[in-house]
2 protein chains.
Amino acid sequence: MNTWQSVRAYVLDRIRSREWPPGELIPTEQELAAGLGCARATVNRALRELADIGIIERRRKVGTRVATTLARRTVLDMPAIRTEIEDMGAIYAYALAGFSVEAPTEAAAHALQLSAGDETVAIKAIYCADDLPHCFETVWLNARVLPPLKREDLERKSAHEWLADRVTLTHGHFSIMADRAGAEDARHLKIEEGTPVLAIERTNWADTTPLSFARQLYPPQHRLMSGD
Amino acid sequence: MNTWQSVRAYVLDRIRSREWPPGELIPTEQELAAGLGCARATVNRALRELADIGIIERRRKVGTRVATTLARRTVLDMPAIRTEIEDMGAIYAYALAGFSVEAPTEAAAHALQLSAGDETVAIKAIYCADDLPHCFETVWLNARVLPPLKREDLERKSAHEWLADRVTLTHGHFSIMADRAGAEDARHLKIEEGTPVLAIERTNWADTTPLSFARQLYPPQHRLMSGD
DNA sequence: CAGTGGTCTAGACCACTCC
DNA sequence: GAGTGGTCTAGACCACTGG
(Lines give C-alpha, C1' and ligand atoms only; values in the text may rest on other atoms or scores of the structure.)
Protein backbone atom coordinates (compact mmCIF):
# COMPACT_ATOMS: atom_id res chain seq x y z
CA MET A 1 0.00 0.00 0.00
CA ASN A 2 1.17 3.49 -0.71
CA THR A 3 -0.72 5.66 1.66
CA TRP A 4 0.67 9.02 2.67
CA GLN A 5 1.20 7.58 6.12
CA SER A 6 3.44 4.88 4.73
CA VAL A 7 5.42 7.44 2.80
CA ARG A 8 5.83 9.44 6.00
CA ALA A 9 6.98 6.32 7.82
CA TYR A 10 9.47 5.58 5.05
CA VAL A 11 10.94 9.06 5.22
CA LEU A 12 11.06 9.05 9.03
CA ASP A 13 12.88 5.75 8.85
CA ARG A 14 15.57 7.12 6.58
CA ILE A 15 15.98 10.07 8.90
CA ARG A 16 16.12 7.97 12.06
CA SER A 17 18.68 5.63 10.59
CA ARG A 18 20.77 8.65 9.58
CA GLU A 19 20.76 7.46 6.02
CA TRP A 20 19.50 11.01 5.46
CA PRO A 21 21.39 12.92 8.15
CA PRO A 22 20.41 16.31 9.59
CA GLY A 23 21.07 19.16 7.19
CA GLU A 24 21.05 16.89 4.15
CA LEU A 25 18.80 17.25 1.13
CA ILE A 26 16.46 14.33 0.67
CA PRO A 27 15.19 13.19 -2.75
CA THR A 28 12.71 15.42 -4.55
CA GLU A 29 9.01 14.67 -4.54
CA GLN A 30 9.25 13.35 -8.07
CA GLU A 31 12.08 10.99 -7.21
CA LEU A 32 10.31 9.72 -4.12
CA ALA A 33 7.05 9.23 -5.99
CA ALA A 34 8.81 7.30 -8.74
CA GLY A 35 10.82 5.26 -6.26
CA LEU A 36 7.85 4.39 -4.09
CA GLY A 37 5.44 3.96 -6.94
CA CYS A 38 2.87 6.48 -5.87
CA ALA A 39 1.60 9.85 -6.99
CA ARG A 40 3.52 13.01 -6.23
CA ALA A 41 0.52 14.38 -4.37
CA THR A 42 0.82 11.53 -1.90
CA VAL A 43 4.48 12.28 -1.28
CA ASN A 44 3.62 15.95 -0.95
CA ARG A 45 1.03 15.22 1.71
CA ALA A 46 3.49 13.12 3.71
CA LEU A 47 6.29 15.67 3.51
CA ARG A 48 3.95 18.51 4.36
CA GLU A 49 2.97 16.78 7.59
CA LEU A 50 6.62 16.37 8.52
CA ALA A 51 7.41 19.97 7.67
CA ASP A 52 4.47 21.09 9.82
CA ILE A 53 6.03 19.62 12.92
CA GLY A 54 9.53 20.77 12.13
CA ILE A 55 11.14 17.44 11.17
CA ILE A 56 12.09 18.70 7.72
CA GLU A 57 12.37 22.09 6.07
CA ARG A 58 11.19 22.69 2.54
CA ARG A 59 12.09 25.44 0.11
CA ARG A 60 11.10 25.84 -3.48
CA LYS A 61 13.83 25.39 -6.00
CA VAL A 62 16.16 24.15 -3.25
CA GLY A 63 14.46 21.03 -2.05
CA THR A 64 13.72 19.36 1.24
CA ARG A 65 16.26 19.26 4.02
CA VAL A 66 16.34 17.30 7.27
CA ALA A 67 16.03 19.85 10.07
CA THR A 68 19.20 20.40 12.05
CA THR A 69 17.82 21.95 15.19
CA LEU A 70 16.09 20.20 18.03
CA ALA A 71 13.20 22.60 17.61
CA ARG A 72 9.84 20.98 17.36
CA ARG A 73 6.35 22.24 17.05
CA THR A 74 3.78 20.37 19.02
CA VAL A 75 0.06 20.62 19.22
CA LEU A 76 -1.17 21.85 22.54
CA ASP A 77 -4.73 21.10 23.47
CA MET A 78 -6.40 23.92 25.35
CA PRO A 79 -9.76 22.48 26.26
CA ALA A 80 -12.58 24.35 27.88
CA ILE A 81 -12.32 23.84 31.62
CA ARG A 82 -15.60 21.93 31.75
CA THR A 83 -14.30 19.48 29.15
CA GLU A 84 -10.96 19.20 30.87
CA ILE A 85 -12.58 18.18 34.14
CA GLU A 86 -15.17 15.87 32.63
CA ASP A 87 -12.53 14.11 30.55
CA MET A 88 -10.71 13.26 33.77
CA GLY A 89 -13.85 11.43 34.81
CA ALA A 90 -14.46 13.94 37.58
CA ILE A 91 -17.59 15.83 38.47
CA TYR A 92 -17.53 19.37 37.17
CA ALA A 93 -18.62 22.17 39.44
CA TYR A 94 -18.60 25.89 38.86
CA ALA A 95 -19.16 28.71 41.29
CA LEU A 96 -19.21 32.43 40.72
CA ALA A 97 -16.89 34.13 43.15
CA GLY A 98 -17.08 37.73 42.09
CA PHE A 99 -18.76 40.10 39.67
CA SER A 100 -18.05 43.76 39.30
CA VAL A 101 -17.84 46.58 36.82
CA GLU A 102 -14.46 48.17 37.20
CA ALA A 103 -11.42 49.56 35.52
CA PRO A 104 -9.25 46.80 34.04
CA THR A 105 -5.89 45.85 35.43
CA GLU A 106 -2.94 46.89 33.36
CA ALA A 107 -2.53 43.47 31.76
CA ALA A 108 -6.24 43.23 30.97
CA ALA A 109 -6.38 46.74 29.54
CA HIS A 110 -3.44 45.97 27.30
CA ALA A 111 -4.88 42.71 26.08
CA LEU A 112 -8.28 44.24 25.40
CA GLN A 113 -6.78 47.37 23.85
CA LEU A 114 -8.54 49.63 26.33
CA SER A 115 -7.35 52.75 28.04
CA ALA A 116 -7.27 53.14 31.79
CA GLY A 117 -10.56 55.02 31.95
CA ASP A 118 -12.56 52.32 30.15
CA GLU A 119 -14.79 49.94 32.02
CA THR A 120 -14.75 46.19 32.00
CA VAL A 121 -16.80 43.54 33.69
CA ALA A 122 -14.51 41.51 35.93
CA ILE A 123 -15.74 38.03 36.76
CA LYS A 124 -14.14 35.69 39.23
CA ALA A 125 -14.99 32.02 39.32
CA ILE A 126 -13.78 28.80 40.82
CA TYR A 127 -13.94 25.48 39.00
CA CYS A 128 -13.87 22.24 40.96
CA ALA A 129 -13.23 18.65 39.95
CA ASP A 130 -14.85 16.27 42.42
CA ASP A 131 -15.15 19.14 44.88
CA LEU A 132 -11.43 19.86 44.77
CA PRO A 133 -10.40 23.29 43.49
CA HIS A 134 -9.12 22.85 39.97
CA CYS A 135 -8.83 26.36 38.64
CA PHE A 136 -9.43 29.89 39.85
CA GLU A 137 -10.21 32.25 37.02
CA THR A 138 -10.66 35.94 36.48
CA VAL A 139 -12.24 37.07 33.23
CA TRP A 140 -12.40 40.63 32.01
CA LEU A 141 -15.02 41.27 29.36
CA ASN A 142 -14.83 44.14 26.93
CA ALA A 143 -18.08 45.81 28.05
CA ARG A 144 -18.10 48.25 25.16
CA VAL A 145 -18.69 45.71 22.46
CA LEU A 146 -20.63 42.99 24.27
CA PRO A 147 -24.31 42.76 25.11
CA PRO A 148 -25.04 43.69 28.73
CA LEU A 149 -24.90 40.92 31.25
CA LYS A 150 -26.02 40.63 34.84
CA ARG A 151 -24.65 38.72 37.76
CA GLU A 152 -27.54 36.28 37.47
CA ASP A 153 -26.40 35.28 33.98
CA LEU A 154 -23.27 33.82 35.49
CA GLU A 155 -24.63 32.02 38.52
CA ARG A 156 -24.98 28.77 36.65
CA LYS A 157 -22.64 28.95 33.73
CA SER A 158 -19.23 30.42 33.21
CA ALA A 159 -18.39 33.64 31.44
CA HIS A 160 -16.90 31.67 28.57
CA GLU A 161 -20.04 29.69 28.09
CA TRP A 162 -22.11 32.88 28.24
CA LEU A 163 -19.80 34.40 25.66
CA ALA A 164 -19.89 31.39 23.36
CA ASP A 165 -23.68 31.55 23.29
CA ARG A 166 -23.59 35.03 21.89
CA VAL A 167 -20.58 35.45 19.66
CA THR A 168 -18.25 33.23 17.72
CA LEU A 169 -14.63 33.66 18.67
CA THR A 170 -12.27 33.53 15.77
CA HIS A 171 -8.89 33.26 17.42
CA GLY A 172 -7.00 33.64 20.61
CA HIS A 173 -3.63 34.08 22.19
CA PHE A 174 -2.08 32.34 25.18
CA SER A 175 0.64 33.12 27.60
CA ILE A 176 1.78 30.54 30.10
CA MET A 177 3.83 31.40 33.16
CA ALA A 178 4.58 30.56 36.77
CA ASP A 179 3.33 32.92 39.44
CA ARG A 180 2.94 33.22 43.17
CA ALA A 181 -0.54 32.74 44.58
CA GLY A 182 -1.94 35.93 46.10
CA ALA A 183 -4.16 35.96 49.14
CA GLU A 184 -7.40 35.70 47.16
CA ASP A 185 -5.98 33.08 44.81
CA ALA A 186 -4.79 31.00 47.74
CA ARG A 187 -8.13 31.16 49.50
CA HIS A 188 -10.05 29.91 46.50
CA LEU A 189 -7.57 27.22 45.55
CA LYS A 190 -7.21 26.18 49.20
CA ILE A 191 -3.46 26.45 49.15
CA GLU A 192 -1.02 28.61 51.06
CA GLU A 193 -0.39 32.15 49.96
CA GLY A 194 2.85 32.36 48.00
CA THR A 195 2.60 28.84 46.60
CA PRO A 196 3.72 28.62 42.96
CA VAL A 197 0.80 28.34 40.58
CA LEU A 198 0.62 27.81 36.86
CA ALA A 199 -0.99 30.82 35.21
CA ILE A 200 -2.53 30.75 31.76
CA GLU A 201 -3.62 34.04 30.29
CA ARG A 202 -5.81 33.95 27.25
CA THR A 203 -7.17 36.71 25.04
CA ASN A 204 -10.15 35.84 22.85
CA TRP A 205 -10.81 37.70 19.64
CA ALA A 206 -13.66 38.00 17.19
CA ASP A 207 -12.18 39.33 13.99
CA THR A 208 -10.20 42.41 14.88
CA THR A 209 -11.72 43.05 18.30
CA PRO A 210 -10.47 41.51 21.54
CA LEU A 211 -13.55 40.46 23.52
CA SER A 212 -12.25 38.86 26.67
CA PHE A 213 -9.11 38.37 28.67
CA ALA A 214 -8.90 35.51 31.12
CA ARG A 215 -6.32 34.65 33.73
CA GLN A 216 -6.56 31.10 34.98
CA LEU A 217 -4.60 29.88 37.97
CA TYR A 218 -3.94 26.21 38.59
CA PRO A 219 -2.62 24.65 41.79
CA PRO A 220 0.98 23.36 41.86
CA GLN A 221 0.31 19.75 40.97
CA HIS A 222 -1.32 20.77 37.69
CA ARG A 223 0.50 19.81 34.52
CA LEU A 224 0.07 20.89 30.95
CA MET A 225 1.06 18.03 28.71
CA SER A 226 1.81 17.60 25.07
CA GLY A 227 3.55 15.09 22.90
CA ASP A 228 4.72 14.65 19.33
CA MET B 1 -9.69 32.30 -7.40
CA ASN B 2 -10.60 29.12 -5.63
CA THR B 3 -7.64 28.28 -3.54
CA TRP B 4 -8.07 26.15 -0.45
CA GLN B 5 -7.29 29.24 1.60
CA SER B 6 -10.20 31.09 0.04
CA VAL B 7 -12.49 28.17 0.79
CA ARG B 8 -11.28 28.22 4.38
CA ALA B 9 -11.92 31.96 4.57
CA TYR B 10 -15.41 31.45 3.15
CA VAL B 11 -16.25 28.80 5.73
CA LEU B 12 -14.77 30.82 8.59
CA ASP B 13 -16.86 33.75 7.48
CA ARG B 14 -20.08 31.77 7.64
CA ILE B 15 -19.13 30.52 11.10
CA ARG B 16 -18.20 33.97 12.41
CA SER B 17 -21.39 35.51 11.13
CA ARG B 18 -23.32 32.69 12.82
CA GLU B 19 -24.94 31.85 9.53
CA TRP B 20 -23.64 28.39 10.45
CA PRO B 21 -24.01 28.42 14.21
CA PRO B 22 -22.12 26.18 16.66
CA GLY B 23 -23.36 22.62 16.63
CA GLU B 24 -24.87 22.94 13.17
CA LEU B 25 -24.06 20.77 10.20
CA ILE B 26 -22.48 22.69 7.37
CA PRO B 27 -22.89 21.69 3.70
CA THR B 28 -21.13 18.56 2.52
CA GLU B 29 -17.88 18.69 0.61
CA GLN B 30 -19.73 17.97 -2.61
CA GLU B 31 -22.19 20.79 -2.04
CA LEU B 32 -19.46 23.25 -1.15
CA ALA B 33 -17.37 22.24 -4.14
CA ALA B 34 -20.33 22.67 -6.48
CA GLY B 35 -21.36 25.94 -4.87
CA LEU B 36 -17.89 27.44 -4.93
CA GLY B 37 -16.94 26.00 -8.28
CA CYS B 38 -13.89 24.08 -7.22
CA ALA B 39 -12.80 20.48 -6.80
CA ARG B 40 -13.85 18.47 -3.78
CA ALA B 41 -10.20 17.91 -2.89
CA THR B 42 -9.78 21.65 -2.46
CA VAL B 43 -12.73 21.82 -0.09
CA ASN B 44 -11.37 18.81 1.74
CA ARG B 45 -8.03 20.48 2.25
CA ALA B 46 -9.67 23.61 3.65
CA LEU B 47 -11.97 21.72 5.99
CA ARG B 48 -9.16 19.46 7.16
CA GLU B 49 -7.16 22.50 8.25
CA LEU B 50 -10.11 23.80 10.23
CA ALA B 51 -10.73 20.42 11.81
CA ASP B 52 -7.06 20.21 12.79
CA ILE B 53 -7.36 23.28 14.97
CA GLY B 54 -10.71 22.34 16.43
CA ILE B 55 -12.96 24.85 14.64
CA ILE B 56 -15.10 22.14 13.10
CA GLU B 57 -15.63 18.43 13.77
CA ARG B 58 -15.94 15.91 10.99
CA ARG B 59 -17.45 12.45 10.97
CA ARG B 60 -18.02 10.12 8.10
CA LYS B 61 -21.57 9.55 7.10
CA VAL B 62 -22.65 12.30 9.49
CA GLY B 63 -21.02 15.36 8.04
CA THR B 64 -19.17 18.40 9.31
CA ARG B 65 -20.32 20.26 12.37
CA VAL B 66 -19.28 23.63 13.78
CA ALA B 67 -17.54 22.92 17.08
CA THR B 68 -19.55 23.86 20.13
CA THR B 69 -16.81 23.98 22.73
CA LEU B 70 -14.28 26.68 23.26
CA ALA B 71 -11.61 24.05 22.98
CA ARG B 72 -8.84 24.86 20.60
CA ARG B 73 -5.67 23.19 19.58
CA THR B 74 -2.77 25.49 19.07
CA VAL B 75 0.71 24.92 17.83
CA LEU B 76 3.32 25.41 20.49
CA ASP B 77 6.84 26.10 19.37
CA MET B 78 9.44 24.42 21.55
CA PRO B 79 12.69 25.73 20.16
CA ALA B 80 16.13 24.61 21.20
CA ILE B 81 17.33 26.95 23.91
CA ARG B 82 20.13 28.27 21.73
CA THR B 83 17.62 29.23 19.04
CA GLU B 84 15.25 30.71 21.58
CA ILE B 85 17.94 33.02 22.92
CA GLU B 86 19.40 33.96 19.56
CA ASP B 87 15.97 34.74 18.17
CA MET B 88 15.53 37.27 20.94
CA GLY B 89 18.58 39.01 19.56
CA ALA B 90 20.56 38.17 22.68
CA ILE B 91 23.98 36.63 23.03
CA TYR B 92 23.81 32.94 23.83
CA ALA B 93 26.05 31.55 26.51
CA TYR B 94 26.22 28.06 27.92
CA ALA B 95 28.04 26.79 30.98
CA LEU B 96 28.29 23.31 32.37
CA ALA B 97 27.35 23.32 36.04
CA GLY B 98 27.52 19.69 36.93
CA PHE B 99 28.34 16.24 35.55
CA SER B 100 27.96 13.00 37.39
CA VAL B 101 27.08 9.37 36.98
CA GLU B 102 24.37 8.58 39.44
CA ALA B 103 21.07 6.92 40.09
CA PRO B 104 18.20 8.79 38.46
CA THR B 105 15.61 10.69 40.41
CA GLU B 106 12.22 9.10 40.55
CA ALA B 107 10.79 11.28 37.79
CA ALA B 108 13.81 10.65 35.56
CA ALA B 109 13.76 6.91 36.16
CA HIS B 110 10.09 6.79 35.28
CA ALA B 111 10.51 8.83 32.13
CA LEU B 112 13.50 6.77 30.99
CA GLN B 113 11.86 3.49 31.97
CA LEU B 114 14.73 2.58 34.27
CA SER B 115 14.71 0.89 37.61
CA ALA B 116 16.20 2.45 40.70
CA GLY B 117 19.47 0.53 40.40
CA ASP B 118 20.25 1.73 36.89
CA GLU B 119 22.76 4.45 36.23
CA THR B 120 22.27 7.66 34.35
CA VAL B 121 24.50 10.53 33.48
CA ALA B 122 23.12 13.65 35.12
CA ILE B 123 24.17 16.92 33.52
CA LYS B 124 23.44 20.35 34.88
CA ALA B 125 23.83 23.43 32.78
CA ILE B 126 22.99 27.08 32.82
CA TYR B 127 22.01 29.04 29.73
CA CYS B 128 22.35 32.79 29.65
CA ALA B 129 20.96 35.44 27.34
CA ASP B 130 23.16 38.54 27.37
CA ASP B 131 24.77 37.28 30.59
CA LEU B 132 21.42 37.01 32.37
CA PRO B 133 20.36 33.55 33.51
CA HIS B 134 17.73 32.31 31.12
CA CYS B 135 17.33 28.66 31.97
CA PHE B 136 18.77 26.16 34.40
CA GLU B 137 18.60 22.65 33.10
CA THR B 138 19.23 19.16 34.34
CA VAL B 139 19.46 16.39 31.77
CA TRP B 140 19.50 12.69 32.54
CA LEU B 141 20.90 10.54 29.76
CA ASN B 142 20.05 6.88 29.41
CA ALA B 143 23.65 5.63 29.79
CA ARG B 144 22.78 2.08 28.77
CA VAL B 145 21.91 2.87 25.23
CA LEU B 146 24.08 5.88 24.46
CA PRO B 147 27.74 6.09 23.47
CA PRO B 148 29.99 6.99 26.42
CA LEU B 149 30.57 10.65 27.03
CA LYS B 150 33.01 12.58 29.17
CA ARG B 151 32.71 15.82 31.01
CA GLU B 152 34.94 17.45 28.40
CA ASP B 153 32.39 16.69 25.69
CA LEU B 154 30.00 19.05 27.39
CA GLU B 155 32.25 21.95 28.25
CA ARG B 156 31.45 23.78 25.05
CA LYS B 157 28.16 22.42 23.86
CA SER B 158 25.01 21.31 25.58
CA ALA B 159 23.91 17.75 26.18
CA HIS B 160 21.16 18.18 23.62
CA GLU B 161 23.60 19.28 20.98
CA TRP B 162 25.88 16.37 21.83
CA LEU B 163 22.92 14.05 21.57
CA ALA B 164 21.71 15.48 18.28
CA ASP B 165 25.13 14.89 16.76
CA ARG B 166 24.89 11.19 17.48
CA VAL B 167 21.31 10.07 17.21
CA THR B 168 18.14 11.27 15.58
CA LEU B 169 15.30 11.78 17.97
CA THR B 170 11.96 10.69 16.66
CA HIS B 171 9.54 12.14 19.13
CA GLY B 172 9.16 13.63 22.56
CA HIS B 173 6.81 14.42 25.33
CA PHE B 174 6.42 17.59 27.39
CA SER B 175 5.04 18.44 30.74
CA ILE B 176 4.74 22.05 31.83
CA MET B 177 4.22 23.06 35.44
CA ALA B 178 4.90 25.66 38.08
CA ASP B 179 7.39 24.84 40.79
CA ARG B 180 9.28 26.38 43.65
CA ALA B 181 12.96 27.10 43.06
CA GLY B 182 15.20 24.95 45.25
CA ALA B 183 18.48 26.20 46.68
CA GLU B 184 20.57 25.05 43.73
CA ASP B 185 18.04 26.30 41.19
CA ALA B 186 17.89 29.68 42.89
CA ARG B 187 21.65 30.04 42.97
CA HIS B 188 22.04 29.39 39.26
CA LEU B 189 19.09 31.51 38.20
CA LYS B 190 20.13 34.28 40.62
CA ILE B 191 16.74 34.45 42.24
CA GLU B 192 15.55 33.83 45.77
CA GLU B 193 14.94 30.32 46.95
CA GLY B 194 11.25 29.50 46.86
CA THR B 195 10.49 31.81 43.94
CA PRO B 196 7.97 30.32 41.51
CA VAL B 197 9.62 29.04 38.36
CA LEU B 198 8.21 27.62 35.17
CA ALA B 199 9.35 24.03 34.75
CA ILE B 200 9.33 22.20 31.45
CA GLU B 201 10.10 18.52 31.52
CA ARG B 202 10.84 16.81 28.26
CA THR B 203 11.50 13.19 27.40
CA ASN B 204 13.20 12.51 24.09
CA TRP B 205 12.71 9.22 22.29
CA ALA B 206 14.32 7.41 19.42
CA ASP B 207 11.83 4.84 18.24
CA THR B 208 10.75 2.85 21.25
CA THR B 209 13.60 3.86 23.57
CA PRO B 210 13.61 6.95 25.78
CA LEU B 211 17.06 8.48 25.51
CA SER B 212 16.99 11.58 27.64
CA PHE B 213 14.90 13.35 30.20
CA ALA B 214 15.38 17.06 30.74
CA ARG B 215 14.01 19.38 33.35
CA GLN B 216 14.33 23.05 32.44
CA LEU B 217 13.63 25.80 34.92
CA TYR B 218 12.85 29.33 33.83
CA PRO B 219 12.79 32.41 36.05
CA PRO B 220 9.41 33.96 36.92
CA GLN B 221 9.23 36.55 34.19
CA HIS B 222 9.49 33.87 31.51
CA ARG B 223 6.45 33.31 29.34
CA LEU B 224 5.52 30.58 26.96
CA MET B 225 3.39 32.02 24.21
CA SER B 226 1.17 30.66 21.53
CA GLY B 227 -1.58 31.93 19.31
CA ASP B 228 -4.14 30.66 16.84
C1' DC C 1 15.89 30.41 -17.05
C1' DA C 2 15.16 26.06 -14.93
C1' DG C 3 14.19 23.20 -10.90
C1' DT C 4 11.62 22.63 -6.93
C1' DG C 5 7.66 22.65 -4.04
C1' DG C 6 2.52 24.35 -3.80
C1' DT C 7 -1.76 23.69 -5.46
C1' DC C 8 -5.86 22.53 -8.37
C1' DT C 9 -8.67 19.23 -11.04
C1' DA C 10 -11.71 15.34 -12.22
C1' DG C 11 -12.45 11.04 -11.26
C1' DA C 12 -12.17 6.95 -8.58
C1' DC C 13 -12.31 3.79 -4.76
C1' DC C 14 -12.38 2.93 0.09
C1' DA C 15 -13.76 3.29 5.22
C1' DC C 16 -16.72 4.34 8.39
C1' DT C 17 -21.21 4.64 10.39
C1' DC C 18 -26.04 5.67 10.67
C1' DC C 19 -30.48 3.76 9.35
C1' DG D 1 -27.55 -0.13 2.01
C1' DA D 2 -26.42 4.50 1.30
C1' DG D 3 -24.26 8.87 2.40
C1' DT D 4 -20.34 11.07 4.12
C1' DG D 5 -15.52 12.08 4.65
C1' DG D 6 -10.55 10.10 3.62
C1' DT D 7 -7.44 9.21 0.28
C1' DC D 8 -5.04 8.10 -4.18
C1' DT D 9 -4.07 9.11 -9.07
C1' DA D 10 -2.30 11.38 -13.26
C1' DG D 11 -1.76 15.40 -15.10
C1' DA D 12 -1.43 20.28 -15.18
C1' DC D 13 -0.16 24.95 -14.08
C1' DC D 14 1.70 28.25 -10.89
C1' DA D 15 5.06 30.54 -7.45
C1' DC D 16 9.17 31.08 -5.75
C1' DT D 17 14.09 31.24 -5.97
C1' DG D 18 18.96 30.13 -7.15
C1' DG D 19 22.26 30.54 -10.80
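It should be noted that the structure appears before, not after, this text.
Here the structure is a predicted model, which means the values were calculated and not measured.

A. Quick look at the protein's contact with DNA strand C. For DNA strand C, the set of nearby residues contains 25 residues, the closest of which are Arg40 of chain A together with Thr3, Trp4, Thr42 and Arg59 of chain B. For DNA strand C, the backbone makes up 69% of the atoms found within 4 Å of the protein, where backbone means sugar plus phosphate. For DNA strand C, a phosphate oxygen lies 2.7 Å from a polar atom in the backbone of Ala39 of chain B. In the environment of DNA strand C, a base nitrogen lies 3.0 Å from a nitrogen or oxygen atom belonging to the side chain of Arg40 of chain B. Listed by contribution, the elements that provide at least two residues to the surface near DNA strand C are helix 3 (40–52), strand 2 (56–59) and strand 3 (63–66) of chain A together with helix 1 (4–16) and helix 3 (40–52) of chain B. For the surface near DNA strand C, a count of residues per class yields five nonpolar, nine polar and eleven charged.

B. The arrangement of the packing of helix 2 (residues 29–36) of chain B against helix 3 of chain B in detail. Residue and element names in this part refer to chain B. Put simply, helix 2 and helix 3 touch, their axes get as near as 8 Å, and they point 115° apart. Here helix 3 runs roughly perpendicular to helix 2, going by the angle between their axes. As helix 2 packs across helix 3, the resulting crossing turns out to be right-handed. On helix 3, the residues that touch Glu29, Gln30, Leu32 and Ala33 of helix 2 are Arg40, Val43, Asn44 and Leu47. The class makeup of the residues in the contact of helix 2 with helix 3 is four nonpolar, two polar and two charged.

C. Structural view of the protein's contact with DNA strand D. Around DNA strand D, the structure places 25 residues, and the nearest of them are Thr3, Trp4 and Arg59 of chain A together with Arg40 and Arg58 of chain B. Here DNA strand D approaches the protein such that, of its atoms within 4 Å, sugar and phosphate make up 67%. Here a phosphate oxygen of DNA strand D and a backbone polar atom of Glu29 of chain B are 3.2 Å apart. Elements with a contribution of two residues or more to the surface near DNA strand D: helix 1 (4–16) and helix 3 of chain A together with helix 3, strand 2 (56–59) and strand 3 (63–66) of chain B. Classifying every residue of the surface near DNA strand D gives five nonpolar, nine polar and eleven charged.

D. Up close: the pattern of salt bridges. Taken as a whole, this structure holds 30 salt bridges over all chains when the rule is applied. When the shortest N-O distance is used, the salt bridge between Arg16 of chain B and Asp207 of chain A registers 2.8 Å. Of the two residues, Arg16 of chain B sits in helix 1 while Asp207 of chain A sits in the loop between strand 9 (196–206) and strand 10 (209–218), which places them in two different chains. Among the ionic pairs, Arg144 of chain B bridges to Asp118 of chain B, the shortest N-O distance being 2.7 Å. Residue Arg144 of chain B is located in the loop between strand 7 (132–142) and helix 6 (159–166), and its partner Asp118 of chain B is located in the loop between helix 5 (106–112) and strand 6 (120–129); the two are separated by 26 residues in the primary sequence.

E. Structural context of the packing of aromatic side chains. Following the criterion strictly, the structure yields eight aromatic pairs over all chains and no others. Residues Tyr10 of chain B and Trp20 of chain B carry aromatic rings whose centres are separated by 6.1 Å and whose planes lie at 75° to one another, so their mutual orientation is edge-to-face. Taken together, the residues span a long stretch of sequence, with Tyr10 of chain B in helix 1 and Trp20 of chain B in the loop between helix 1 and strand 1 (25–26) at a distance of ten residues. Aromatic rings pair up to connect Tyr92, Tyr94 and Tyr127 of chain A into one cluster. Above the plane of the ring of Trp4 of chain A lies Arg45 of chain A, whose end atom (NZ or CZ) is 4.3 Å from the centre.

F. Up close: the layout of surface pockets. The volume enclosed by the second largest pocket comes to roughly 650 Å³. Together, 24 residues line the second largest pocket, and Glu49, Asp52, Ile53 and Val75 of chain A together with Asp52 of chain B are the ones closest to its centre. Contributing elements (two or more residues each) for the lining of the second largest pocket: helix 1, helix 3 and strand 4 (72–78) of chain A together with helix 3, strand 4 (72–78) and strand 8 (171–180) of chain B. Looking at the lining of the second largest pocket residue by residue, the classes come out as seven nonpolar, five polar and twelve charged.

G. How the structure looks around the interface of chain B and chain A. Contact residues are listed per partner, giving 51 residues for chain B and 52 residues for chain A. Counting every contact that joins chain B to chain A gives four salt bridges. Here chain B and chain A share 18 residue pairs in polar contact (both at pLDDT 80 or more) between them. Of all the elements in the fold, those that place two or more residues in the side of chain B that touches chain A are helix 1, helix 3, strand 4, helix 6, strand 8, strand 9 (196–206) and strand 11 (224–227) of chain B. Looking at the side of chain B that touches chain A residue by residue, the classes come out as 21 nonpolar, 14 polar and 16 charged.

H. Spatial organisation of unusual backbone geometry. All names here are of chain B. For Arg18, which is not glycine, the phi dihedral falls at a positive 65°. Its location among the elements puts Arg18 in the loop between helix 1 and strand 1. Even without a glycine there, the phi angle at Lys61 is positive, about 70°. Among the structural elements, Lys61 can be located in the loop between strand 2 and strand 3.

I. Structural view of the packing of helix 1 of chain B against helix 3 of chain B. Residues and elements named next belong to chain B. Put simply, helix 1 and helix 3 touch, their axes get as near as 8 Å, and they point 55° apart. Judged by the angle between their axes, helix 1 and helix 3 are oblique. The two elements helix 1 and helix 3 cross, and the hand of that crossing is right-handed. On the side of helix 1, the interface is formed by Trp4, Val7, Arg8, Val11 and Leu12, while helix 3 contributes Thr42, Val43, Arg45, Ala46, Leu47, Glu49 and Leu50. Of the residues contributing to the contact of helix 1 with helix 3, the split by class is eight nonpolar, one polar and three charged.

J. Region of interest: helix 3 of chain B. All names here are of chain B. Taking 1.5 Å per residue, 13 residues should reach 18 Å; helix 3 reaches 18 Å between its end C-alpha atoms and fits that length. Along helix 3, the residues classified as buried are Thr42, Val43, Arg45, Ala46, Leu47, Arg48, Leu50 and Ala51. At the exit of helix 3 stands Gly54, carrying a positive phi of roughly 85°.

Calculation notes
Residues numbered from 1 in each chain as written. Chains lettered and ligands numbered in written order. Predicted model: local features only at pLDDT ≥ 70, side-chain atom pairs only at ≥ 80, totals over all residues. Heavy atoms only, no water. Near = heavy atom within 4 Å. Polar contact = N/O pair within 3.5 Å; in protein donor to acceptor, adjacent residues only side chain to side chain. Helix = DSSP H or I, 4+ residues; strand = E, 2+ residues; numbered from the N terminus. Nonpolar A, V, L, I, M, F, W, Y, C, P; charged D, E, K, R; others polar. Axes fitted to C-alpha atoms, helices over the stretch in contact; angles between N-to-C directions. Parallel < 35°, antiparallel > 145°, perpendicular 65-115°, else oblique. Left-handed = near helix turned anticlockwise from the far one by under 90°. Contact = heavy atoms within 4.5 Å. Salt bridge = Lys/Arg side-chain N within 4 Å of Asp/Glu carboxyl O. Phe/Tyr/Trp six-rings, centres within 6.5 Å; stacked < 30°, edge-to-face > 60°. Lys NZ or Arg CZ within 6 Å of the ring centre and 35° of its normal. 1 Å grid on protein atoms, 1.4 Å probe; cavity = no way out; pocket = protein on both sides within 12 Å on 5 of 7 lines; lining within 4 Å. Points joined across faces, edges and corners; volume = space filled by probe spheres on them. Expected span 1.5 Å × (residues − 1). Buried < 20%, exposed > 50% of the residue type's maximum accessible area, 1.4 Å probe, protein only.

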